Every structure is written in C-alpha cells, then in structure tokens.
Amino acid sequence: MGEPLVSLTGLTKWFEIGGGMFRRPLHVRAVDDVSLVIQRGETLALVGESGSGKTTLGRTILRLLEPTDGEIQFAGKIVTHLKDKDLKWLRRKAQMIPQDPYSSLNPTYPVNKALEEPLVIHGLGNRQERWERILTALDSVHLTPPEFFAHKYPHMLSGGQRQRVVVARAMILDPEFIVADEPVSMLDASVKVSILRILKEIQENLGVGFLHITHDLATAHHFAERIGIMYAGKLVEMGPHESLLTEPLHPYTQALIEAIPDPDPENRFRERPALPGEPPSLVNPPAGCRFHPRCPIAREGLCDVEEPLLRELRPGHFVACHLAE
Ligand code: SF4
C-alpha cells in the first residue's frame, strides 16, 4: 500500500465556551485524540449519533476549523497549520459536499456561475475552457443535457438536482479527497439512491478518496470499504465494513446495528432494544470509557476509571473496549 492520502495523528478539536474576567472558560471536547488513515481512492464512512464529533472531524481535516492539537497529513504534506497560499493548495485538492442542498447554493447564481466560481478563484482556464469544464462536471452527475441545466437557478431545480449541482461544484477542481457530510440525509428516499450511486461512480472512475459522514450504518455499508464509529468525540471502533457489521466488537456499535430498521415487513414492528440514557456531556465527559454510563456490560473499577485504547483485534479491525476480545 502506498502513501496514505489522509493521515491523522491524535487530532483534537475543542471549542471554548463561557469564561470572562473572573471565570475560566469551559471546553467542549468535540473531537478528542483521533488517529486514522484514508488511502487514495478509498471511502471511509464515519458513523455516530448527532453530536458525536463526526462533522467537526471532517471540517477540521479540511482546515475549515483550526485543530486544537494533533497532526493532519494530506498527500504526504503536514497541513495542520497551513496558512494563505498553502491553504489554497489544500482547498483545491480537498472539497466538501455539505448536507443541505438548499442553503449551500447562492440563490442569485445560475448553475454555470456557481460552478465557474471555484475555477476563477483558483485561476484555472480561460472562459471557453471553464465552460467546457462546467459541462463535463454537469454531465458527470447526470444533469443532461448540461447546456440546459447550466442556465437554471437553484429555485428551478428539485432537491436531488440541486444536490447534483453541489456534487458537480465539489468535483470541478478535480479534487483528490472529498468530505461528504450526510450528503443524502435531506433528500427523499427515491433520490437518495441515485445520489449515492453518482458518488460511488466518482469514487471508482476518478479514484477520489472519500470521508462519508453519516448517522446511518446501512448507507455506510453500501458506500464504504471501511467504517469508523464515533462516540462522544472518540473513535471507538474501525474496520472493514463486512467485519464491522457481521462481528461488531464494541457494545455501542452492537447497539447501532440493533437499531437498523428491518427490511422485512413481518419484523418491522418487532421490539428493538433501545440504548438507555443520553450521550455524555462533552464539557465534562465521564472518566474512563465515555460509553460506560450507557454500557450494558460496563465493569465497575475498570470501565469508569481507565480509558480504553484502540486495539487491533482482527486484521484491520480496531476497537476501544477493555472487554472486547
Ligand atoms: Fe463498555 Fe467498558 Fe467496553 Fe466501555 S470499555 S464499551 S464501558 S465494556
């Protein structure tokens, strides 16, 4: 295996809140000491409840947020604290597909202007070359004929068409890496599949590396080669998708799998065990394993005292749980 596309070592992002003249500020530990790699052309899905830190992690990797600690390497280059011209290099190589196709397009821009803007910012091509790139990008997301869609405004498009425009805009700079943040969560079920198919095509045809952020394990299973599970700012399990779904090692992953809706209508209303309690506060997370207040097999004197580290228990399959074996 060659050099990884993305490599994170101990990446940490805390947000400061409160504080004042006589009060010390508090810290929301949104992402805490996360290490992982993503290979070129690979899709890693990051799964967890809302508030687990997955979106903050994606935005920090892209340097849309300043990391608090740790290191980010992209294509062999340390990008943790890049500034100005060097950051522009990263902006060209790594893009984001946001969740909301409604708010992520400027309503006053026609599609061709929305797609041309990144090319202009990065000084790429003359007018004719930029036009051709716009048509190719629209074609690659199946908005055909592209000349027809190029002159439409966002309000003239359906939700699925808008999200295709967002994908085309992310692709227009030929990036090597995409963070797709819940890219289909706001779309109708019928449209979701077609957008996921387009993303898969882009990954396979262009060898783009993806970090696919989702709360939905079933989507992750179809889209990603590997899945990472986040809980309260920590990466608690990561492995090849088959291994993780058929033999989950962490009690939290097991609970997420239990909660996947059953496609069999006979079983649809079967009682499913709900995970008790709420996720912990990220300002004062519990000592030891952050999952221990909700864990059905937590061991007193161990899980509430000692933080479990990620261990490789199967080939490529890591878990942070004292009791997993
Ligand atoms: Fe549960 Fe303990 Fe494992 Fe945490 S370390 S998941 S509390 S058994």
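Could you clarify how one ought to interpret the sheet that holds strand S1 (residues 6–17) in this entry?
Picture the strands of a sheet paired through backbone hydrogen bonds; they go either parallel or antiparallel. On the basis of which strands lie adjacent, the open sheet formed by four strands has the order S2-S1-S4-S5 and antiparallel pairing. Two strands lie at the open edges of the sheet, namely strand S2 (26–38) and strand S5 (77–78), each paired on one side alone. In this sheet, S5 lies alongside strand S4 (residues 69–74) in antiparallel orientation, the contact comprising two bridges. Across the sheet, residue Gln73 finds its bridge partner in S5, namely Ile78. Set on the sheet, helix H1 (residues 54–61) makes contact with S1, S2 and S4; between it and S1 the angle comes to about 115°.

Where do I start with unusual backbone geometry in this structure?
Negative phi values dominate among residues other than glycine, just as trans dominates among peptide bonds. Note the cis peptide between Thr144 and Pro145, where omega equals -5°. With respect to the helices and strands, Pro145 occurs in the loop between helix H4 (127–140) and helix H5 (146–150). In this structure, Ala75 takes a positive phi of about 50° despite not being glycine. Counting through the fold element by element, Ala75 comes out in the loop between S4 and S5. Residue class for Ala75 comes out partly exposed when judged on its relative accessible area of 23%.

It is not clear to me how the sheet that holds strand S8 (residues 209–214) should be interpreted in this structure. Could you clarify?
Within the open sheet, the eight strands sit side by side as S6-S7-S8-S3-S9-S10-S12-S11. Their pairing is mixed. Taken across any chain shown, the strands that pair with only one partner, and hence form the sheet edges, are strand S6 (94–97) and strand S11 (311–314). Strand-to-strand, the axes of this sheet are offset by a mean angle of 25°, without reference to chain direction. Judged from the two bridges that link them, strand S10 (residues 234–240) and strand S12 (residues 317–319) form a sheet pairing that is antiparallel. Pairing of Met238 across the sheet is with Phe318, part of S12.

Please explain helix H7 (residues 189–206) as it appears in this structure.
At 3.6 residues per turn, the α-helix brings residues three or four places apart onto the same side. With 18 residues, H7 extends 26 Å from end C-alpha to end C-alpha; this agrees with the ideal 26 Å at 1.5 Å per step. Residues of H7 that are buried make contact with strand S3 (43–47), S6, H4, helix H6 (159–171), S8 and helix H8 (217–223). Looking at the residues trailing H7, positive phi occurs at Gly207, about 65°.

What exactly am I supposed to notice about the nonpolar core here?
What tends to happen in soluble globular proteins is that the nonpolar side chains get buried as a cluster. Within the largest apolar cluster, 35 residues are counted, with the highest numbers of intra-cluster contacts made by Ile97, Leu115, Leu138, Ile178 and Phe210. Those elements that place two or more of their residues in this core are helix H3 (111–121), H4, H5, H6, strand S7 (177–181) and H7. For this core, the leading source of residues is H6, giving six residues. Ignoring anything within four residues of it in the chain, the contact list for Phe210 reads Ile38, Glu42, Thr43, Leu44, Phe177, Ile178, Ala180, Leu199, Ile202, Gln203 and Phe223. Among the nonpolar cores identified, the runner-up in size contains 28 residues, and Leu8, Leu90, Ile213 and Met230 belong to it.

Whenever I open this one, the packing of aromatic side chains confuses me. Can you help?
Aromatic ring pairs are described here by two measures, namely the spacing of the ring centres and the angle between the planes. Counted by the stated rule, this structure contains seven aromatic pairs. When the centroid spacing of 5.9 Å and the interplanar angle of 75° are considered together, the rings of Phe74 and Trp89 count as edge-to-face. In this pair, Phe74 is assigned in strand S4 and Trp89 in helix H2 (residues 84–93), connecting sequence segments 15 residues apart. Above the face of the Trp89 ring, Lys77 is positioned so that its terminal group lies 4.3 Å from the ring centre.

Thresholds applied
Residues numbered from 1 in each chain as written. Predicted model: local features only at pLDDT ≥ 70, side-chain atom pairs only at ≥ 80, totals over all residues. Heavy atoms only, no water. Pairing = 2+ DSSP bridges. Helix = DSSP H or I, 4+ residues; strand = E, 2+ residues; numbered from the N terminus. Contact = heavy atoms within 4.5 Å. Axes fitted to C-alpha atoms, helices over the stretch in contact; angles between N-to-C directions. Buried < 20%, exposed > 50% of the residue type's maximum accessible area, 1.4 Å probe, protein only. Expected span 1.5 Å × (residues − 1). Core = buried A, V, L, I, M, F, W, Y, C linked by side-chain atoms within 4.5 Å. Phe/Tyr/Trp six-rings, centres within 6.5 Å; stacked < 30°, edge-to-face > 60°. Lys NZ or Arg CZ within 6 Å of the ring centre and 35° of its normal.

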